[in-house]
Every structure is written in C-alpha cells, then in structure tokens.
Amino acid sequence: MEVPILKQGDFLIATFQAALTDEDLLQLQDALVARVGKFRSHGVIVDVTALDVMDSFAARTLRALAHMVRLRGAETVIVGIQPEVAFAMVQLGLSLEGVPTALDLEEGLAQLMKASERKGATFRGR
Amino acid sequence: MGDEIRVPIDSDADIVIARQQGRALAERIGFSATDQTIIATAISEVARNIIKFAKRGEIILSTTMKNPERGVVVVARDQGPGIVDIQLALQDGYSTGNGLGMGLPGCKRLMDELEIKSSKGKGTIVTMKKWTT
Amino acid sequence: MSKSNSKEGEVKKVAEPVRGETTAALLRELVAHLRQNRTQLRQEWAKRITEAKLLTAMSQEEIFAEATAVYDNYVEALETGTFEALQGYARNLSERIIPRGVETHEVVGIVLLLRDVLARSLFAKYQHDFALLNRILDAYEPAANRIANTVAVGFVQERERTIRQQQEAIRELSTPVLQVRERLLILPIIGVIDPQRSRQLTEQLLRGIRTNRAKVVVIDITGVAAMDSNVANGLVQTVEASRLLGATVIVTGLSPEIAQTLVTIGVDLTKMNTVGDLQGGIEEAERLLGVKAVPLSLIEPQTKS
C-alpha cells in the first residue's frame, strides 16, 4: 500500500494508513526525500494519526527520513501520534529524539511556517 | 477461549497481520486501548526479530486464565540460528542485528512476562504474557 | 432448608418422603412461632445488639427499625426458602450503613445474635419435648446459616464495591490534570508514586494533552517525598511521551534530595526541562506560549485555506 504524498505550497504532506509494512515505509522515505529536492520544499509533514503501532523499525525509519530531509535543507514534523502509541513507544525505548513533533496537521503546518519565516528572516537579514 | 491463532511469519507484511490479530484478541478479552497497543507493539517487535534473524517462523496467539485475571500469550517461534547468550540479549542496548537494541529488553518492559528458550543452530522460542488487571 | 423449596424439595421427597414432609411442616411451625412472638423477639434482639455494643454509629430507634426489617425478611426467607428479597435488603442496608462506618464484624455479629435469640426462644418453647426440639433445630440450622451467610456476604460485597469506587475516585483526584489557560496544563503530583499510579498519571496526561490541545505541561512534584529509579524513569517516559504528542514538559519542585538521587542513579536530567518552583514553571510556560502565540494567530487563516 503506497502512502499518498500531497504537495501543499512549500510543504509536502504524507498521510499514513493503519497497516503499513516495512516496504511501504522505505518506499515513502525514498519518495519523500526525492520530492523534497524536486519541488524544493521547505518542510515535510508525516501524519501518523491512523497508525496503530509504531515499533522500532518505523521509528528508526522516521528518524532517518527526518535526517535525510534536513540534509536536503527542509524540516520534518511528525504529527498525530496517538496517546496509546506514544505510551507504548516510550516503554519500548523509542522517543524519536531530534525529530520535531506536533499534535496534528494544523499544528504541524503552523510549526513549519514559523520555521520557514525564521529562516526567511535570517536570509533577508544577511 | 483457549483457541489458538497461528500466524506464519514469512515476510514483512506478515508482521502487520500478526500484530493486528494480537490487538483484536487483546480487545476481545478486555484489555484497555493502551494495553492493546502495547501488546501489538511487542508482537511487532518479536515478529520482526523472526524476519531479521531466522527469515521465517510463526507467531502463536492464545489466551489464558489466572483467576481473576485473564491473559494473552504470545509465542514467537523460529528455527533460525538461535541466541547464544540469552542474558546478554535481554540487556538494554544490546543487539546483534542492525537494530537499536530495543527488541527483547523493550518487549520485556512492555509485557508482564517474557521467557526465551533457544539453542544454537536450532532456533528460538520467545513466550510473552500480559495480564489484565 | 431448601426442602420446603419447590425443586430440591421434590427430589428429596422421592428419597425420604416422610422426612421431607416433616421438615416443611416443621419450618411452617417455626415460622408461625416467629410471627407470633415478633414484637418480643425483635425487642430482645435490639437489646442484645445494644448490650454487645454493636452498631454504635446508629441510634436506638434506627437499630430497632432496621432490626424489624431484617427480622421480617428473615422470617420470610425461612418461610419461602428464597433469598432474593433478603439479599436485596442486605445490599440496601449495607449501602446505607457503610458510609456511617459500620464494620464487617458488627454485621456478622448482629446476624449471629438474631440466630442466638431465635434459638433460645425455640429452646424455651420446646424444652418439654427434646426429640421435637431436635427436629425443629435440624430444620432451622441450615436455613439460619444460609441467611447469616447471605447477609454477611452481601455486606462484604457491597463494602468491596464501595472501596473500589473510592480507590478509583482517589486515584482520579490524586492526579488532576488542570488547564490553567489555553494550551497550558498543570499536573501537580502529591504523595507516593508507584508504577501503577505512574502509568495512570501518564495516560491521563496524554489524553489531557490531546483533548485540550496543550502545547506546554508543567508537572509539579513539590509534593513527592521520595523517588526511586523506577519512578524517575517513569517521569522521564512521561516527558518523552508528551513530547511525542507535541507538548513541551516543564518539571518543577524537584527537591535537592530528589535531584541528588536522580543524578546518583544515573537518570539523564538534561532531557528534562526543570524550573525551581511552580510559579517559575508557569512563567516559563507562558513565555514559551507567548512566543508561539503571535505567529500562530497570524498564520491561522492561511492554514484553513
């Protein structure tokens, strides 16, 4: 099952379904990293609201994704982690350290916009 | 009750099937939403270990009773290379695969009981239990 | 006792037709006796309750009123061999007297007293005919035991239910998630944290973050006396899980002793955003929110498009 990627202005939005295999995840990672370059996107939102389990592989892939996207000059925000999923994740020892998170899509977009405004300001300031 | 659900683990898609079956079973015997997620997460981890170390194997899900508590039992069984040092495998931060070492120690934290039987070259059986409280 | 009851009675009748008939007849005689002497036996029972210093939380009038109701239900149970009415009454009585502090031994005590009062009145009545007395007692004993059982068990069950409810309520109360202002939650923790409470607290907080759309949470642990590595790790997990939902956690009220313990047992405090006291924590939270509040309100119309 392929994860749909939506382009909204300067941002890319990927929305997860509940049953996501490792293969789907790796595909998504490649597709997002490629498109960030293609569209010169400023930010990526990965919406995991529908995801029922985040295990070590999914967490590791998301972290790698965020790092790769950052290397291409954009920010990633993971949004919509469910309370139960977050609880199980930290018990398992997964905290997605270094990856920005937000409550939902709306919050994630706000966060990205603020980040790109800041960036714009520093560029103009130079 | 007492019936077994066997999920053959042969590819990464089977990991998803195993954890979905596990969640459904946990829900049927009255686990909270958080516990259902915890059980599904632990199943995902042990199923992943099967793929990573043994290529194939199976997950057997069943229920059990210890009055007045009910429990779910997850058995992950494979005929892979086996675990040489079980104590070491249960230590936080230890991993031979390319993982982060969250696998078995993490599962132990998620579940109430975790037991490993393994012999080199013959395979591994991981048995995990969680009780309703 | 159930020999007077329909089903079992019939089975018994096949095996011992004479005896089955007799037991029913004896119970009928017994019931008639208890009805006849209702006033006197009730008074005797109430008097014995007071003398034994049972139900001290209740007034004389209350004891007599309850004694009357229990007595009538008791006789009815003997007569019909069915216990539903008595069970219902026992539950109802328990509901009323548990909040007043009546203890299990008192309830068991009064039921045993009634049994004794009634047995004595049977002795007095049948002392001239020892064989008949024996048969009456044979019929009375099992019924009386079952009645005592029903009342005592009903009380204990009701008490356990009450205790469970109170525990739930206390747990809820002991971890209140408070919304101080929009997007800011405060979680003041008081008392002892065990793994179970730690878990409940985390679940409650995570739900709170989602429903209130909180961005900052202040966890105040001024009221926590001690912390071992389990609790400390639980706290670290709470902070991490909150962040996964997009909320920043500020921990306040960390006493020097607890801080020292945490460092000694190797808990990584650098992951935790700590501020000295609750007031400081709220100020810091508002600073975080204030910085974010301006661009947020600016961009809101755009995100809706």
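Just above, that's the structure.
First, a word on what this report is: a plain description of the structure on this page. (Residues numbered from 1 in each chain as written. Chains lettered and ligands numbered in written order. Predicted model: local features only at pLDDT ≥ 70, side-chain atom pairs only at ≥ 80, totals over all residues. Heavy atoms only, no water.)

Structural notes on the overall build of chain B
For step 1, the next point in the chain: Broken down by element type, chain B carries 4 helices and 5 strands.
For step 2, the next point in the chain: Listing the helices and strands of chain B from first to last along the sequence gives β-α-α-β-β-α-α-β-β.
For step 3, the next point in the chain: Taken across its 133 residues, chain B has 50% of its residues classed as buried.
For step 4, the next point in the chain: Look at the contacts in chain B between residues 6 or more apart in sequence, and 60% of them connect residues 24 or more apart.
For step 5, the next point in the chain: When the accessible surface of chain B is totalled, it reaches about 6,300 Å², and 49% of it is carbon and sulfur. (Helix = DSSP H or I, 4+ residues; strand = E, 2+ residues; numbered from the N terminus. Buried < 20%, exposed > 50% of the residue type's maximum accessible area, 1.4 Å probe, protein only. Contact = heavy atoms within 4.5 Å. Areas by Shrake-Rupley, 256 points an atom, 1.4 Å probe, with all protein chains shown as cover.)

Thoughts on the side chain of Arg48(B)
For step 1, the next point in the chain: Here Arg48(B) is to be found in helix α2 (residues 33–54).
For step 2, the next point in the chain: The class of Arg48(B) is buried, set by a relative accessible area of 7%.

Remarks on the interface of chain A and chain C
For step 1, the next point in the chain: On the side of chain C, 26 residues touch chain A, which itself brings 27 residues to the contact.
For step 2, the next point in the chain: For the pair chain A and chain C, the two sides together bury roughly 2,400 Å², of which 58% comes from carbon and sulfur.
For step 3, the next point in the chain: Counting the surface chain A buries against chain C, the share from its top three residues, Phe87(A), Val90(A) and Leu103(A), is 27%.
For step 4, the next point in the chain: Counting the contacts that link chain A with chain C gives 4 salt bridges.
For step 5, the next point in the chain: Close ionic contact of Arg183(C) with Glu107(A) constitutes a salt bridge, the shortest N to O distance being 2.8 Å.
For step 6, the next point in the chain: Seen at the junction of chain A and chain C, the total is 8 residue pairs in polar contact (both at pLDDT 80 or more).
For step 7, the next point in the chain: Looking at the side of chain A that touches chain C, the elements with two or more residues in it are α3 (83–92), β5 (101–102) and α4 (105–125) of chain A.
For step 8, the next point in the chain: In terms of residue count, α4(A) provides more of the side of chain A that touches chain C than any other element does, 8 residues in total.
For step 9, the next point in the chain: Among the residues making up the side of chain A that touches chain C, the classes are represented as 15 nonpolar, 6 polar and 6 charged. (Buried area = accessible area lost by both parts, 1.4 Å probe. Salt bridge = Lys/Arg side-chain N within 4 Å of Asp/Glu carboxyl O. Polar contact = N/O pair within 3.5 Å; in protein donor to acceptor, adjacent residues only side chain to side chain. Nonpolar A, V, L, I, M, F, W, Y, C, P; charged D, E, K, R; others polar.)

Some thoughts on the nonpolar core
For step 1, the next point in the chain: In terms of nonpolar packing, the biggest core is built from 96 residues, with Phe16(A), Met54(A), Ile81(A), Ile59(B) and Ile209(C) touching the most fellow members.
For step 2, the next point in the chain: Other than its neighbours up to four places away in sequence, Ile59(B) contacts Ile5(B), Arg6(B), Val7(B), Ile9(B), Ala18(B), Ile43(B), Val46(B), Ala47(B), Ile50(B), Val74(B), Val75(B) and Ala76(B). (Core = buried A, V, L, I, M, F, W, Y, C linked by side-chain atoms within 4.5 Å.)

Observations regarding the packing of aromatic side chains
For step 1, the next point in the chain: The tally for this structure, following the rule as stated, stands at 0 aromatic pairs over all chains.
For step 2, the next point in the chain: Stacked on the ring of Trp131(B), the Lys or Arg Lys66(B) has its end atom at 4.4 Å from the ring centre. (Phe/Tyr/Trp six-rings, centres within 6.5 Å; stacked < 30°, edge-to-face > 60°. Lys NZ or Arg CZ within 6 Å of the ring centre and 35° of its normal.)

Thoughts on helix α3 (residues 38–51) of chain C
For step 1, the next point in the chain: Across its 14 residues, α3(C) extends 20 Å between first and last C-alpha, which sits within 8% of the 20 Å expected from 1.5 Å per residue.
For step 2, the next point in the chain: Just downstream of α3(C), Lys53(C) is the residue with a positive phi angle, here 55 degrees. (Expected span 1.5 Å × (residues − 1).)

Remarks on the sheet that holds strand β1 (residues 178–181) of chain C
Residue and element names in this part refer to chain C.
For step 1, the next point in the chain: If you trace the 5 strands from one edge of the open sheet to the other, you get β1-β2-β3-β4-β5, paired in mixed fashion. The outermost strands of the open sheet, each flanked by one partner alone, are β1 and β5 (273–275). Put simply, the sheet's adjacent strands are angled 30 degrees from each other on average, direction ignored.
For step 2, the next point in the chain: Of the strand pairs in this sheet, strand β2 (residues 184–190) and strand β3 (residues 216–223) are connected by 6 bridges, and their pairing is parallel. Residue pairing across strands places Leu185 opposite Val217, the latter belonging to β3.
For step 3, the next point in the chain: Those strands touched by helix α8 (residues 195–212) are β1, β2 and β3, and its axis lies near 165 degrees from that of β2. (Pairing = 2+ DSSP bridges. Axes fitted to C-alpha atoms, helices over the stretch in contact; angles between N-to-C directions.)

Side note on the environment of Ala148(C)
Residues and elements named next belong to chain C.
For step 1, the next point in the chain: Topologically, Ala148 is positioned in helix α7 (residues 130–174).
For step 2, the next point in the chain: What makes Ala148 buried here is its relative accessible area of 13%.
For step 3, the next point in the chain: For the pair Ala148 and Arg115, spaced 33 residues apart in sequence, the C-alpha separation works out to 8.1 Å.

What about the environment of Thr104(C)?
All names here are of chain C.
For step 1, the next point in the chain: Tracing the backbone through its elements, the reader meets Thr104 in helix α6 (residues 104–126).
For step 2, the next point in the chain: Residue classification places Thr104 among the partly exposed residues on the basis of a relative accessible area of 25%.
For step 3, the next point in the chain: Thr104 sits 55 residues away from Arg159 along the chain, and the two C-alpha atoms are 8.5 Å apart.
For step 4, the next point in the chain: Other than its neighbours up to four places away in sequence, Thr104 contacts Phe155, Val156 and Arg159.

Focus: the pattern of salt bridges
All names here are of chain C.
For step 1, the next point in the chain: A complete count under the given rule lists 29 salt bridges over all chains for this structure.
For step 2, the next point in the chain: We note a salt bridge from Arg100 to Glu62, for which the minimum N-O separation is 2.8 Å. One end of the pair, Arg100, is in the loop between α5 (84–97) and α6; the other, Glu62, is in helix α4 (residues 60–80), with 38 residues separating them in the sequence.
For step 3, the next point in the chain: In this structure, Glu66 and Arg96 form a salt bridge, with 2.4 Å as the shortest nitrogen-oxygen distance. With Glu66 in helix α4 and Arg96 in helix α5, this residue pair connects regions lying 30 residues apart in the sequence.

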